[in-house]
Amino acid sequence: MLVYPQLGTGALSQFPFRTVRRTRTVVNAALDGSSVKVADAAGAMTDWTLGYTALSDAELAALEQFFASAQGTLNGFTFLDPAANLLAWSGTLNQPAWVRDPQLSIAGGVADPAGGSAAWSLTNSGAAPQAISQTLPAPGGYVYCLSAYARATSATAVTMVVGNSQAGRVVQTQWSRIVLAGSGDASAAEIGFGLQVPAGAQVDVFGVQAEPQAGASLYKPSTTGGVYQNARLRDDQLAVTTTGLSRHSCTVNITYVNHL
Amino acid sequence: MATFPTLKTHAAMQYPATRQVRYQNQALRFLDGTEQRYRDCAGPLLRWRIPLSLLDEGEVAAIEQFFADNQGAFGSFAFTDPWDGTVHPNCSLETDTLQTTASGEMDGATVLTVVENRG
């Protein structure tokens, strides 16, 4: 499927950008001020307004190529919310969205670095490294950043996985944030994110986050994730203003509707 | 039931915040100029308009999650009035729309309107 292009920096958007989330509630209002409400779960919509300035020629060409491929509002595409944690259920590692290797056990309710008890303990009782991972229907060729807060009872090397990229990160006895930026197979339509715990080790983790950019931003807990398949452009025209040599600006409006 | 999110400062609101008290009265006017008024509701209802700015990404995410958990105006929750600390057990968001603007890193803004429900 067609995918929305990243900028040359690896980011999907620039500041400022606007997100509007809409739900649909049918309200039967009575004269006494009370009401009966019915929710329409399928009626939810999300709109993004992405303003771009100082785009290079190459970045503008990528956007125009994308606009031509989408043929304006006609064709759907995969869009990654630039402000979201792409992972689903980032704070609930026992959800089915997460895949665990068989020798890896998890336990929740562990004290986290934010002062709560939302961290998870990962224990590898096997003789080989074991991973917990999530695969997203997102373009493999994008630049992604995987981050998590981690600690262990003694210094332990944890392997972070982003598509084809893997790197070891030493987890200390105090909470620290481990980060890996990387990408996967450019032709793949999905990409995996994971944490691999070495044999016999126990690691506490909190705030696992994947973002479509090269650096980690503040942790955002998620339940649905930030991958929107079959999003669409909201306009049939793309107006570009050129303010100088290789300096262009434009605004792109994107919409995602559950029931389409 | 979802819990109304507080900011990292543990405050629910920022200045300028607005609280509105609303009655629902009816007036019957007669030809001689007199009128008869009556109360058409069991009591007043409150409404809070909460503009928020300079939010970090985590605070914006918490507000978006709260909006999603409530399915917009559908769900109800208990809201603690920041003016007097009274807990109003049956409140909702006023609209089915949540707009957030990110003007920069740790510079998000949005507006929430909470209304008290009858019954």
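Worth saying up front: this structure is predicted, and the values here are computed from it rather than measured.

Participant: Help me understand the overall build of chain A in this model?
Facilitator: Of regular secondary structure, chain A possesses one helix and 16 strands. Judged by the C-alpha coordinates and their principal axes, chain A covers about 65 × 55 × 30 Å. Per-residue burial over chain A gives 46% buried out of 260 residues. Long-range contacts, defined here as pairs at least 24 residues apart, represent 72% of the contacts in chain A between residues at least 6 apart. Counting only carbon and sulfur atoms, one obtains 53% of the accessible surface of chain A, whose full area is about 11400 Å².

Participant: How do you make sense of the interface of chain B and chain A when you look at a structure like this?
Facilitator: Many structure descriptions define interface size as the accessible area lost when the parts assemble. Listed per partner, the contact involves 28 residues of chain B and 23 residues of chain A. Across the contact surface, chain B and chain A share one salt bridge. With a closest N to O distance of 3.2 Å, Glu64(B) and Arg21(A) form a salt bridge. Summed over the shared surface of chain B and chain A, the result is 11 residue pairs in polar contact (both at pLDDT 80 or more).

Participant: Help me out: how do you make sense of the domain arrangement of chain A in this one?
Facilitator: Residues and elements named next belong to chain A. Along its sequence, chain A is organised into domain 1 (17-83 + 227-257) and domain 2 (99-211). When each unit is reduced to the centre of its C-alpha atoms, the spacing between domain 1 and domain 2 is 31 Å. The interface of domain 1 with domain 2 comprises four residues on the first partner and six residues on the second. Buried area between domain 1 and domain 2, both sides added, is near 340 Å², and the carbon and sulfur share of it is 77%. Taken together, the connections running from domain 1 to domain 2 amount to zero salt bridges. There are zero residue pairs in polar contact (both at pLDDT 80 or more) connecting domain 1 and domain 2. Elements supplying a minimum of two residues to the side of domain 1 that touches domain 2: β3 (77-80) and β14 (227-233). By residue class, the composition of the side of domain 1 that touches domain 2 is two nonpolar, two polar and no charged.

Participant: What is the right way to look at the pattern of salt bridges in this model?
Facilitator: Pairing of side chains with opposite charge becomes possible as their charged atoms draw close. Residue and element names in this part refer to chain A. Inspection of every chain in the model, using the stated rule, returns 13 salt bridges over all chains. We note a salt bridge from Arg24 to Asp40, for which the minimum N-O separation is 2.9 Å. Here Arg24, found in strand β1 (residues 17-29), pairs with Asp40, found in strand β2 (residues 35-55); they are 16 residues apart in sequence, far enough to count as distant. Put simply, Glu211 and Lys220 hold a salt bridge, and the shortest N to O gap is 3.5 Å.

Participant: It is not clear to me how the environment of Gly168(A) should be interpreted in this structure. Could you clarify?
Facilitator: All names here are of chain A. Looking at where Gly168 falls in the secondary structure, it is placed in strand β10 (residues 165-171). Taking the C-alpha atoms as reference, Gly168 lies 42 Å from Leu245; in sequence the two are 77 residues apart. What Gly168 contacts, discounting residues up to four positions off in sequence, is Val158 and Thr159.

Participant: Any chance you could explain helix α1 (residues 57-70) of chain B here in plain terms?
Facilitator: Residue pairs three or four apart in sequence face the same way in an α-helix, which turns once every 3.6 residues. Spanning 14 residues, α1(B) covers 20 Å between terminal C-alpha atoms, matching the ideal 20 Å at 1.5 Å per step. Looking at α1(B), one finds that the buried residues are Glu57(B), Gly58(B), Glu59(B), Val60(B), Ala61(B), Ile63(B), Glu64(B), Phe66(B), Phe67(B) and Asn70(B). Buried residues along α1(B) sit against β1 of chain A together with β4 (45-55), β5 (77-80), β6 (87-93), β7 (97-102) and β8 (108-116) of chain B. Immediately beyond the C-terminal end of α1(B), within one or two residues, lies Gln71(B), with a positive phi of roughly 50°.

Here is what the cut-offs are and how they apply
The residue count restarts for each chain, going from 1 along the sequence in the order it is written. Chains carry letters from A onward and ligands carry numbers from 1 onward, assigned in written order. Predicted model: local features are reported for residues with pLDDT of at least 70 only, side-chain atom pairs are reported and counted for 80 or more only, and whole-chain, interface and lining totals are derived from all residues. Each side-chain value is derived from all of the structure's non-hydrogen atoms; neither hydrogens nor water enter the calculation. The secondary structure listing takes helices from DSSP runs of H or I that are at least 4 residues long and strands from runs of E that are at least 2 residues long, numbered from the N terminus. Burial here depends on accessible area, computed with a 1.4 Å probe over protein chains only, as a share of the maximum for the residue type. Under 20% is buried, over 50% is exposed, and the range in between is partly exposed. It only takes one pair of heavy atoms within 4.5 Å for two residues to be counted as in contact. Per-residue and other accessible areas were derived by the Shrake-Rupley procedure at a 1.4 Å probe size, with only the shown protein chains allowed to occlude residues. By salt bridge we mean one thing: a side-chain nitrogen of Lys or Arg within 4 Å of a carboxyl oxygen of Asp or Glu. Nitrogen and oxygen atoms within 3.5 Å of one another constitute a polar contact, given that in protein one can donate a hydrogen and the other can accept it, and given that sequence-neighbouring residues count only through two side-chain atoms. As annotated, the domain borders come from an automatic or database domain assignment. Throughout, the accessible surface (probe 1.4 Å) given up by two parts as they are put together, summed over both, is called the buried area. Classification convention: Asp, Glu, Lys, Arg as charged; Ala, Val, Leu, Ile, Met, Phe, Trp, Tyr, Cys, Pro as nonpolar; all other residues, Gly among them, as polar. For a helix, the expected span equals 1.5 Å multiplied by the residue count minus one.

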